[in-house]
Amino acid sequence: QVQLVESGGGLVQAGGSLRLSCASSGRTFRSYAMAWFRQAPGKEREFVAAINWGGEIRYYTDSVKGRFTISRDNAKNTVFLQMNSLKPEDTAVYFCAADLRFTWGPGARYTDWGQGTQVTVSS
């Protein structure tokens with residue numbers, strides 16, 4: 001099990017950028033696949049992006065392809081989500097998640113979760 005703490009959320013105008021960070025405790029970070037999910041008000045939590053243990057393989061949900069980039073720094077036990085060209089529909093609480101298995105898409109399953117960080121995009 002890992003402890004995850006997100007940061008970097010905030011209020012930004014449409015077209016702007018934000019960079020989310022997720023710091024992990026422990027010395028086994030590189031053993032975990034990492035992902036970002038989001039949950040908008042009144043909606044179910046949805047998969048956003050995932051990255052494998054070494055960072056070579058990444059997957060994105062269609063609505064963020066070309067705008068968001070997931071990356072990780074295993075030396076710093078941190079995963080990032082660079083969000084560019086933000087849209088009002090990106091407004092949500094963003095969660096990072098970890099799991100020993102690498103899964104992605106609507107069926108992604110992750111066991112360890114952070115507390116979330118709010119991203120609000122104004123039009």
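Just above sits the structure.
Just so it is clear, the structure is predicted and the values come from calculations on it, not from any experiment. (Residues numbered from 1 in each chain as written. Predicted model: local features only at pLDDT ≥ 70, side-chain atom pairs only at ≥ 80, totals over all residues. Heavy atoms only, no water.)

Q: Run through the nonpolar core, naming residues and quoting values.
A: Side chains of a nonpolar character, in soluble globular proteins, are inclined to be buried together. If you look at the biggest cluster of nonpolar residues, it comprises 27 residues, and the most contacted ones within it are Met34, Trp36, Leu81, Met83 and Tyr94. Elements supplying a minimum of two residues to this core: strand E3 (18-24), strand E4 (33-39), strand E5 (46-51), strand E7 (68-73), strand E8 (78-83), strand E9 (92-99) and strand E11 (117-122). Broken down by element, the residue count for this core peaks at four residues, all from E9. Apart from residues no more than four positions distant in its own chain, Leu81 is found in contact with Leu18, Arg19, Leu20, Trp36, Val48, Ala49, Phe68, Thr69, Ile70 and Tyr94. In this structure, Ala35, Phe37, Phe47 and Phe102 belong to the second largest nonpolar core, which totals nine residues. (Core = buried A, V, L, I, M, F, W, Y, C linked by side-chain atoms within 4.5 Å. Buried < 20%, exposed > 50% of the residue type's maximum accessible area, 1.4 Å probe, protein only. Helix = DSSP H or I, 4+ residues; strand = E, 2+ residues; numbered from the N terminus. Contact = heavy atoms within 4.5 Å.)

Q: Just give me the short version of the state of the cysteines, but keep the residues and values in it.
A: Tallying each qualifying case throughout the model produces one disulfide. Covalently, Cys22 is tied to Cys96 through a disulfide, its sulfur atoms 1.9 Å apart. What sets the handedness of the Cys22 and Cys96 disulfide is the S-S torsion sign, and at about 40° it is right-handed. With Cys22 in strand E3 and Cys96 in strand E9, the pair connects residues that are 74 residues apart, well separated along the chain. (Disulfide = S-S within 2.5 Å.)

Q: Residue-level account of the environment of Gly54, with values.
A: Along the chain, Gly54 falls in the loop between E5 and strand E6 (58-60). Given a relative accessible area of 45%, Gly54 falls into the partly exposed group. Counting along the chain gives 26 residues from Gly54 to Phe80, while the straight-line C-alpha distance between them is 14 Å. Gly54 has contacts with Arg72 and Asn74, leaving out every residue within four places of it along the chain.

Take it as geometry only, folks, not as evidence of what the structure does.
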